[in-house]
Every structure is written in C-alpha cells, then in structure tokens.
Amino acid sequence: MSPPPVTRFAPSPTGELHLGNARTALFNLLLARHAGGRFLLRIEDTDTERSVEAHVRALLEDLTWLGLEWDAGPDRDDALGPYRQSQRGALYAGYFAQLEERRAVYPCFCTPLELELARRAQLAAGKPPRYAGTCRNLSTEERARRAAQGVPATLRFRVPAGARIEWADLVHGAQSFATDDIGDFVVRRADGSAAFFFSNAVDDASMGVTLVLRGEDHLTNTPRQLLLLEALELTAPAYGHVALLLGADGAPLSKRHGAASVREYRERGYQPFALLNHLFRLGHSSALQGLLTLAEMARGFDPKHLGRAPARFDEQQLTVWQKDTVHHLSPEAAREWLKAVLPRELDARTATAFVSAILPNLVLPADALPWVEIVFGGPPALEEGGEAVVRNAGAGYFAAAAAAAATTGNDLAAIAGAARAASGRQGRELYMPLRLALTGRAHGPELAPLLKALPPGQARERLARFA
RNA sequence: GCUCCCUUCGUCUAGAGGCCCAGGACAUAGCCCUCUCAAGGCUGUAACACGGGUUCGAAUCCCGUAGGGAGCGCCA
C-alpha cells in the first residue's frame with residue numbers, strides 16, 4: 001500500500017485564472033481526492049514585477065467559486081508552509097548554499113543585453129539559442145575580482161555533458177533527453193530571488209509533493225528540474241504532462257476566443273458545475289455520463305485516461321452542461337442566480353413562480369430578460385403574424401377566456417376550457433391564440449406555470465383586448 | 001534552427017495486433033410525444049492525417065512525409 005499522494009496547484013498570480021489552469025487545478029485535486037491524499041495550493045510569486053496582490057485574491061476567489069478546495073495553502077498554513085514563494089527565501093538560501101558547495105552552480109556576470117545579443121546571433125546562425133557558457137569556467141580569482149567590483153551576478157546550474165535524463169511521464173510514458181541539448185540555466189536571479197526551475201522543483205520536494213500534473217509546456221523543461229533535484233539529493237515527484245487546452249478553432253486558448261478565464265464565464269452567468277463538468281472531460285475520458293459532482297469526479301478520475309492530444313474548449317459543449325445544471329437548480333438557487341435580472345420589488349412567491357416557469361428555457365441569466373418584460377411589463381405587443389391568429393380565433397373565444405380568467409384566477413385549464421366551450425377549438429388551435437394574447441409570442445415556456453406568475457388582473461386584461 | 005510532444009466522426013473521446021467494414025457522449029437530420037419552446041423516446045448521417053514497411057492479420061508496432069503545438073528567458 002503506497003502512501004496517500006500529495007498533489008498541488010502552483011499558479012503564478014499574474015492575471016485571471018485561465019481555463020487551462022483551472023483544469024490543471026481540477027485534475028490535481030481529483031488525483032489527490034481519488035486516493036485520499038492531500039491537495040496543496042502554492043502561490044508562485046517570485047517575480048515581484050508581475051505578481052500582484054489583487055491577482056492572488058482573485059485566484060483564491062475563483063478557485064473557491066469553482067468549489068476546488070485546497071487542504072493547505074496561503075490562507076491555510078501548516079508545517080510545510082508558507083505557501084507563497086515570496087516568503088520562502090530562507091529555505092531557498094539553504095539550497096543555494098548546498099549547490100554552491102557542491103560546485104553544481106557558478107556565478108554568471110553576463111548582462112541581460114549581452115545574453116540577448118548572443119541569443120539573437122545564435123538564432124540567426126540557425127543554432128539553438130542556448131547559454132554559451134561564457135562564465136562557466138572563470139577562474140576563482142576572476143570571480144572574486146568581479147564580485148569585488150560589485151558586478152551583479154546570477155547563479156547558473158552547471159548542466160553535465162554527455163548524459164541522458166529519463167523519466168516515466170504519467171501521460172506520455174518513457175521520456176529521454178540529452179543533457180547536451182540543455183544550456184546552463186539560471187537558478188538565482190541577480191537580485192537574489194529564486195528562478196522558476198529552482199523554486200518550483202525545490203518546493204515540490206520540500207512540501208512532499210508526490211504527483212505533479214501540469215501543462216505540456218513544461219515537458220521539455222522537466223529534465224532541468226530533475227537535474228537540479230538530483231544535485232540536491234531531493235526526491236522528484238512523478239510528473240504527468242497534460243496536453244494544452246485550445247480554443248474552438250484549434251489555436252491556443254486566448255482572449256480572442258471571447259473568454260479564456262474562469263472569471264469571464266462566471267460573470268456571464270455560467271454555473272461552476274457546468275464549467276467543472278466540461279473541463280473534467282477535456283483531455284480526460286470517463287465512462288461516467290451526465291452531470292457529476294466533485295466527489296463523483298474524484299471517484300471516476302484516472303490519470304491513465306488522460307489524453308495525449310490537445311483538446312478544444314468548445315462553448316457549445318459547455319452550453320449543454322450549463323443547460324443541464326440550470327434546469328436542475330432549486331427554485332431558491334435559481335432566484336439567486338437570476339437576482340440581477342429580476343425586478344427588485346418582486347415578492348418571493350411571484351418570483352419563485354416566475355423563475356420556475358421560465359427556467360427550462362434558460363441557459364444564461366440574460367435569456368430571462370425578455371420574459372421579465374413580457375410578464376411584468378404590461379400587455380405585450382403581438383409578434384409578427386400573431387395578429388391574424390388572434391383575429392381568427394374570434395371575439396367570442398376571447399370573451400369567454402377573459403371571463404374565465406376573471407372568475408377562476410390564473411388557471412389555464414379553466415381558461416382553455418371556457419375558450420373551448422365557446423369556440424369548439426382544440427389542440428394547437430385552442431392554445432395558440434391564448435399564448436399569443438398572453439405573451440405576444442408563439443414560442444416560450446409552458447403556459448400554465450407562466451400564467452401563475454402573471455400580476456393580478458393581467459390575464460383577464462390581456463385576453464379582453466381581443467374580445 | 002535544434003530538441004521534444006501530438007494527429008480516430010463537426011466536437012470531446014473509447015480503442016494498449018484479431019472482440020473494430022471502429023464504440024459512446026454532445027452537436028446535427030428525420031420521426032414520435034406535445035399548445036409553442038425546452039425536456040424526453042426512437043432512428044439516421046458522420047472518423048482511424050498521408051505513404052511505406054513488419055505480420056496470416058494493424059486504428060493499434062516500426063520508418064518516413066505533412067500538419068499542429070511546446071521548449072530552448074535574470075516569465076512561469
């Protein structure tokens with residue numbers, strides 16, 4: 001029996017939570033829950049230039065809104081924390097010292113400009129843009145001299161030559177990379193802060209993370225982290241690289257596709273469970289059908305069923321989940337969901353009647369707007385072509401219907417019954433003139449419940465118009 | 001440029017040499033139900049990127065080609 005897994009989501013707070021990252025978070029959470037393990041949230045804010053506190057808050061909000069709860073994180077500290085990399089400097093210092101002691105790293109005095117020029121020259125010459133090793137073999141004296149001059153230096157990892165780095169990727173299987181294809185990389189910036197390869201790998205190890213599911217964009221970077229961990233004699237987690245999420249057109253998901261962040265979908269009125277159910281099946285397959293709860297997803301999640309090919313985020317598919325979620329909302333939840341579009345002064349009973357009537361026809365809150373106007377905005381004008389249908393039913397039909405509405409309340413059976421008795425009409429012939437007179441439209445939610453939401457006297461008034 | 005990853009119906013995917021002239025879900029078309037819409041039921045259309053090999057047999061293994069993507073940063 002292997003120990004329970006520890007997984008993590010380690011976002012950088014540089015913007016809104018991207019859908020691809022949300023999926024990564026979901027998968028890691030499910031992976032942990034599936035086996036009774038722990039799911040950690042670590043904020044990777046070593047880049048103080050781009051990390052913004054407001055983004056951290058937004059990130060936690062979005063994850064919470066989705067229902068993705070972490071066992072430990074920036075707001076839930078424990079012995080393994082702190083969970084913000086900007087607060088882990090002391091721990092990093094110890095590991096930097098170890099690397100220096102073992103001569104696994106060396107100071108690099110190259111300036112950003114020099115490096116940029118070198119990179120461009122290499123690219124232009126058709127060569128891989130890798131660090132040329134300028135500072136790799138400086139003498140001890142030379143290093144001391146430059147340091148004494150106060151030349152700022154980064155710390156670079158000395159990548160061993162002629163070796164191969166191999167690992168079994170959870171998604172892609174056996175991987176093998178030649179160290180000769182990897183340039184010496186920066187582990188500590190000139191300002192003393194830790195660089196991604198370093199802090200990310202070191203934190204996974206020091207936090208006891210055993211399983212890392214991350215974006216495929218990290219696949220070719222993995223050998224660097226493995227090298228680093230090996231030099232530090234730390235245990236590497238098992239890595240799985242999930243294919244990227246694309247837009248409906250097959251291009252990387254971005255703003256161009258309308259929305260690429262959780263926040264945007266949330267603001268448009270999408271339900272968290274709709275989003276979650278969609279993400280669950282993107283790049284992952286499950287025999288489970290239908291709308292799933294997080295617990296059900298956790299039970300059914302299997303890293304063996306993670307796909308290797310990139311998946312497209314198709315809003316049409318999301319809409320299917322959204323409909324399903326919305327149609328199953330309780331009347332209370334539905335009222336809350338529609339709060340922004342419902343008239344303010346509506347009493348609870350009417351609001352519930354109205355919401356229950358139109359819910360089966362909604363996908364997003366905005367879809368309720370026309371019905372608010374139709375039901376609460378007074379007798380609606382007839383749509384194109386409605387006039388003829390109404391006229392054809394005749395004045396007697398509507399006189400009987402209006403009378404029934406006045407005496408029996410907003411009861412469709414009574415109203416239709418009276419109209420039937422007066423006109424002899426049945427089926428569509430019977431109901432369509434009623435629908436038109438009451439809503440102005442030929443299409444819409446079921447009439448009976450809609451009638452119940454109509455303000456007092458409105459049914460009679462709307463029908464009497466054509467008597 | 002180099003290294004690496006990927007390629008099954010419109011979309012998400014099942015498929016780990018014979019169970020596949022490729023299965024499911026959603027979308028789509030038709031029918032049924034029905035006061036309309038939605039929901040529901042039934043039926044249908046629709047895919048192994050291409051070319052070589054290996055094998056009695058390949059969607060599955062190997063090699064190429066094409067297309068897409070990532071990485072090669074004092075970003076993460």
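Residues numbered from 1 in each chain as written. Chains lettered and ligands numbered in written order. Predicted model: local features only at pLDDT ≥ 70, side-chain atom pairs only at ≥ 80, totals over all residues. Heavy atoms only, no water.

Caption draft 1: A look at the pairing of strand β1 (residues 6-9). Residues Val6 and Arg8 point to one face of β1 and Thr7 and Phe9 to the other, with burial holding for every one of them. One ladder, built from four bridges, connects β1 with strand β2 (residues 38-41); its direction is parallel. Residue pairing across strands places Val6 opposite Arg38, the latter belonging to β2. With respect to chirality, the unit in which β1 leads through helix α1 (residues 19-34) into the neighbouring parallel β2 is right-handed. (Buried < 20%, exposed > 50% of the residue type's maximum accessible area, 1.4 Å probe, protein only. Helix = DSSP H or I, 4+ residues; strand = E, 2+ residues; numbered from the N terminus. Pairing = 2+ DSSP bridges. Right-handed = clockwise from strand over helix to strand, strands pointing away.)

Caption draft 2: Molecular detail of the packing of aromatic side chains. For the structure on display, the rule yields twelve aromatic pairs. Pairing Tyr265 with Tyr270 gives two aromatic rings, centres 5.2 Å apart and planes at 70 degrees, and the pair type is edge-to-face. Exposure remark for Tyr265: the relative accessible area of 1% places this residue in the buried category. Since its relative accessible area comes to 4%, Tyr270 is described here as buried. What links up through ring pairs into an aromatic cluster is the set Phe157, Phe185, Phe196 and Phe197. Between Arg156 and the ring centre of Tyr131, over which it is positioned, the NZ or CZ distance is 3.6 Å. It is Arg188 that lies over the ring of Phe96; its NZ or CZ is 5.2 Å from the centre. (Phe/Tyr/Trp six-rings, centres within 6.5 Å; stacked < 30°, edge-to-face > 60°. Lys NZ or Arg CZ within 6 Å of the ring centre and 35° of its normal.)

Caption draft 3: Quick look at the side chain of Arg42. Note that Arg42 resides in the loop between β2 and α2 (53-66). Look past the residues within four positions of Arg42 in its chain and what remains in contact with it is Arg8, Phe9, Ala10, Pro11, Tyr83, Gln85, Asn200, Asp203, Asp204 and Met207. (Contact = heavy atoms within 4.5 Å.)

Caption draft 4: Fine view of the environment of Gly240. Relative to the helices and strands, Gly240 is located in strand β9 (residues 238-242). In this structure, the C-alpha to C-alpha distance between Gly240 and Gly192, residues 48 residues apart in sequence, is 30 Å. Setting aside its immediate chain neighbours within four residues, Gly240 contacts Asp169, Leu170, Val171, Val212, Leu213 and Arg214.

Caption draft 5: Examining the sheet that holds strand β4 (residues 154-157) more closely. Spatial ordering of the open sheet is given by β3-β4-β7, a layout of three strands whose pairing is antiparallel. The two strands at the open ends of the sheet, each matched to only one other strand, are β3 (105-108) and β7 (186-188). Each strand axis lies, on average, 45 degrees off the axis of its neighbour in the sheet, ignoring direction. As defined by bridge partners, β3 adjoins β4 across four bridges and the pair is classed as antiparallel. Each residue of the ladder has a partner; that of Cys108, found in β4, is Thr154. (Axes fitted to C-alpha atoms, helices over the stretch in contact; angles between N-to-C directions.)

Caption draft 6: Inspection of the nonpolar core at higher detail. Of all hydrophobic cores here, the largest spans 49 residues; its most connected members are Leu26, Leu68 and Phe313. For this core, the secondary-structure elements that each account for two or more residues are α1, β2, α2, β8 (211-215), α8 (262-267), α9 (272-280), α10 (294-300) and α11 (315-327). Among the elements that take part in this core, α1 stands out by supplying nine residues, more than any other. Contact partners of Phe313, with chain neighbours within four places excluded, come to Leu19, Leu245, Leu246, Gly247, Ala248, Leu253, Tyr265, Leu275, His278, Leu279, Leu282 and Leu318. Val372, Ile415, Ala416 and Leu463 belong to the second largest nonpolar core, which has 46 residues in total. (Core = buried A, V, L, I, M, F, W, Y, C linked by side-chain atoms within 4.5 Å.)

Caption draft 7: Highlighting the pattern of salt bridges. For the structure shown, the criterion picks out 22 salt bridges. The shortest N-O distance in the salt bridge between Asp204 and Arg8 comes to 2.8 Å. In this pair, Asp204 sits in helix α6 (residues 196-206) while Arg8 sits in strand β1, placing the two residues 196 residues apart along the sequence. For the residue pair Asp204 and Arg8, the accessibility class agrees, reading buried in each case. Asp184 is paired through a salt bridge with Arg136; the nearest N and O atoms lie 2.9 Å apart. Pair noted here: Asp184 is in the loop between β6 (173-178) and β7 and Arg136 is in the loop between α4 (112-124) and α5 (140-148), with a separation of 48 residues, a long-range link. Bridged by salt links that share partners, the residues Arg8, Arg42, Glu44, Arg88, Asp203 and Asp204 form one connected network. (Salt bridge = Lys/Arg side-chain N within 4 Å of Asp/Glu carboxyl O.)

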